[in-house]
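Observations on the three-dimensional arrangement
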Amino acid sequence: MTWRPTIAALAGLCLAVSATTLPAGAAVDAAHVSAHVTLAGPPGAPPGVCPTGASYGPPLPASTLTAPRIQGGFTFLEGPVWVADGGYLLLSDMAAGTGPYNVQPSTIRRFTSPATFDTFIANAGSNGLALSADAQQLVAATHDQRSVSTYRLSDRVRGTVAANYQGRAFNSPNDVAVRSDGVVYFTDPNFQRGNRADQMSGRTSVFRVSNGQVSLVDDRLRQPNGISLSPDGSALYVGAYSENKIYKYAVQPDGSIGARSVFVNYIGGPDGGTIDCAGNVYWTSGGDSLVHVYSPTGTQLGTIRPGNTGTTNVAFGGPDRQTLYVTSGPWGDSGLYSVRLNIPGYPY
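Residues numbered from 1 in each chain as written. Predicted model: local features only at pLDDT ≥ 70, side-chain atom pairs only at ≥ 80, totals over all residues. Heavy atoms only, no water.

Time to look at the overall build of the protein chain. The secondary structure content of the protein chain amounts to zero helices and 27 strands. Across the 348 residues in the protein chain, those meeting the buried criterion constitute 61%. A total of about 11,900 Å² of accessible surface is found on the protein chain, and carbon and sulfur atoms cover 49% of it. (Helix = DSSP H or I, 4+ residues; strand = E, 2+ residues; numbered from the N terminus. Buried < 20%, exposed > 50% of the residue type's maximum accessible area, 1.4 Å probe, protein only. Areas by Shrake-Rupley, 256 points an atom, 1.4 Å probe, with all protein chains shown as cover.)

Judged by nonpolar contacts, the single largest core of 48 residues is most densely connected at Leu90, Ile108 and Leu138. Setting aside anything within four residues of it in sequence, one finds Leu138 in contact with Val81, Leu90, Ile108, Ile121, Ala130, Leu131, Ser149, Thr150, Tyr151 and Leu153. (Core = buried A, V, L, I, M, F, W, Y, C linked by side-chain atoms within 4.5 Å. Contact = heavy atoms within 4.5 Å.)

Moving on, we come to the side chain of Gln104. Assignment of secondary structure puts Gln104 in the loop between β6 (88-94) and β7 (106-112). Assessed through its relative accessible area of 8%, Gln104 is described here as buried.

Let us now look at the sheet that holds strand β13 (residues 175-178). Across the sheet, four strands lie side by side as β13-β14-β15-β16; this open sheet has antiparallel pairing. Every other strand in the sheet has two partners, leaving β13 and β16 (213-218) as the edge strands with one partner each. Neighbour-to-neighbour, the strand axes of this sheet turn through a mean angle of 25°, independent of strand direction. Both strand β14 (residues 184-188) and strand β15 (residues 205-210) contribute to a ladder of five bridges, which runs antiparallel. Pairing of Thr187 across the sheet is with Val206, part of β15. (Pairing = 2+ DSSP bridges. Axes fitted to C-alpha atoms, helices over the stretch in contact; angles between N-to-C directions.)

Counted by the stated rule, this structure contains eleven salt bridges. A salt bridge links Asp181 to Arg179; the shortest N-O distance between them is 2.6 Å. The partner of Asp320 in a salt bridge is Arg340, with the nearest N and O atoms 2.9 Å apart. With a gap of 20 residues between them, Asp320 in the loop between β25 (313-317) and β26 (323-328) and Arg340 in strand β27 (residues 334-340) connect regions that are remote in the sequence. Judged by relative accessible area, which is 34%, Asp320 ranks as partly exposed. Shared partners join several salt bridges into a network, and the residues in it are Asp218, Arg220 and Arg260. (Salt bridge = Lys/Arg side-chain N within 4 Å of Asp/Glu carboxyl O.)

What follows concerns the environment of Pro173. In this fold, Pro173 is placed in the loop between β12 (158-162) and β13. Exposure remark for Pro173: the relative accessible area of 0% places this residue in the buried category. Separated by eleven residues in sequence, Pro173 and Ala162 place their C-alpha atoms 9.8 Å apart. Look past the residues within four positions of Pro173 in its chain and what remains in contact with it is Asn127, Ala141, Thr142, His143, Arg146, Ser147, Val148, Phe186, Thr187 and Asp188.

Moving on: the packing of aromatic side chains. As enumerated under the stated definition, the model contains 15 aromatic pairs in all. Here the aromatic rings of Phe170 and Phe186 are separated by 5.1 Å at their centres, their planes lie at 90°, and the arrangement is edge-to-face. Here the residue Phe170 occupies a position in the loop between β12 and β13, and Phe186 occupies one in strand β14, the gap between them amounting to 16 residues. By relative accessible area, which is 0% here, Phe170 ends up buried. Accessibility expressed as a relative area gives 0% for Phe186, which makes it buried. Within the aromatic cluster, the residues linked to one another by ring pairs are Phe74, Trp82, Phe111, Phe117 and Tyr325. The ring of Phe120 has Arg156 sitting right over it, with the charged end atom 3.8 Å from the ring centre. Between the NZ or CZ atom of Arg260 and the centre of the ring of Tyr247, over which it lies, the distance is 4.2 Å. (Phe/Tyr/Trp six-rings, centres within 6.5 Å; stacked < 30°, edge-to-face > 60°. Lys NZ or Arg CZ within 6 Å of the ring centre and 35° of its normal.)

With that out of the way, let us pick up the sheet that holds strand β4 (residues 69-74). As summarised here, the arrangement of the four strands in space is β4-β27-β26-β25, forming an open sheet in which the pairing is antiparallel. The two strands at the open ends of the sheet, each matched to only one other strand, are β4 and β25. Ignoring which end each strand starts from, the neighbouring axes of this sheet average 20° apart. Of the strand pairs in this sheet, β26 and β27 are connected by six bridges, and their pairing is antiparallel. Paired with Val326 across the strands is Tyr337, a residue of β27.

This is the structure in structure tokens:
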């Protein structure tokens, strides 16, 4: 498994521009209820993504949707993120492992509507991607250096957010979520570790970076994969790939993590996910290749089918952020798909 996903908002990524080693540190169907969204309390969605005071109806035009393919023929697409200032989507395209450690190369590709693809960053080593709030940097889960990195959009210069935890190398950071105040959360399964030594004693974990300090969120998950924040910043969602569950964590105003609960008890091979401005959760499943859509209470609202195999990640984009982009397809013929929805959402 080489999956996931994801990434999004910083209010000024001061913690990410130097390559220093960081020290340790009752269910209601939302399809029939309008959700009133504000950004009071903990920082959450990137500025401008989710308007304050907005009310929303059902997120899906129908309970079962199909997302048409834009283009295929890529090796293995992951981590889509929408760059509003440029009007384009960035994606990681991973290849087969190479070298003595069998590490997968990765290229960041750019999609410009309606059908233009080009290379944005070669040899990026990335999986999940996110954007800073000022749209000046990517935040990337980078398995090539077993780190979380930044790439400045202006000149592609690379920086480091998290290099290790208490002096030990991560497994292979996979997906990223970023609060609007710069707190970074990321998953660390071992999917892209290759033949490199395990320095995490067999544990696969979720970490947080705040003010340059790396701290452990949870090391009890088996292969944590996709990770997403609610728009109000009060909840963090993590898909545990090898447990077939999505967990939900309470988030404190300072970014620390509180109680953990099971949000979805079964989803086959949860990969990347995203969230709309009403708090509905969109999660890809490797088991059935669908995007499953849930209300904020965990009620399933519907599904989106992009292809027949290998669905890996999702992100909202387009001028109004109401187009859901999906990466999906078999190895060697991975593709980008899209479908119009009723509610705007996170750009990663």
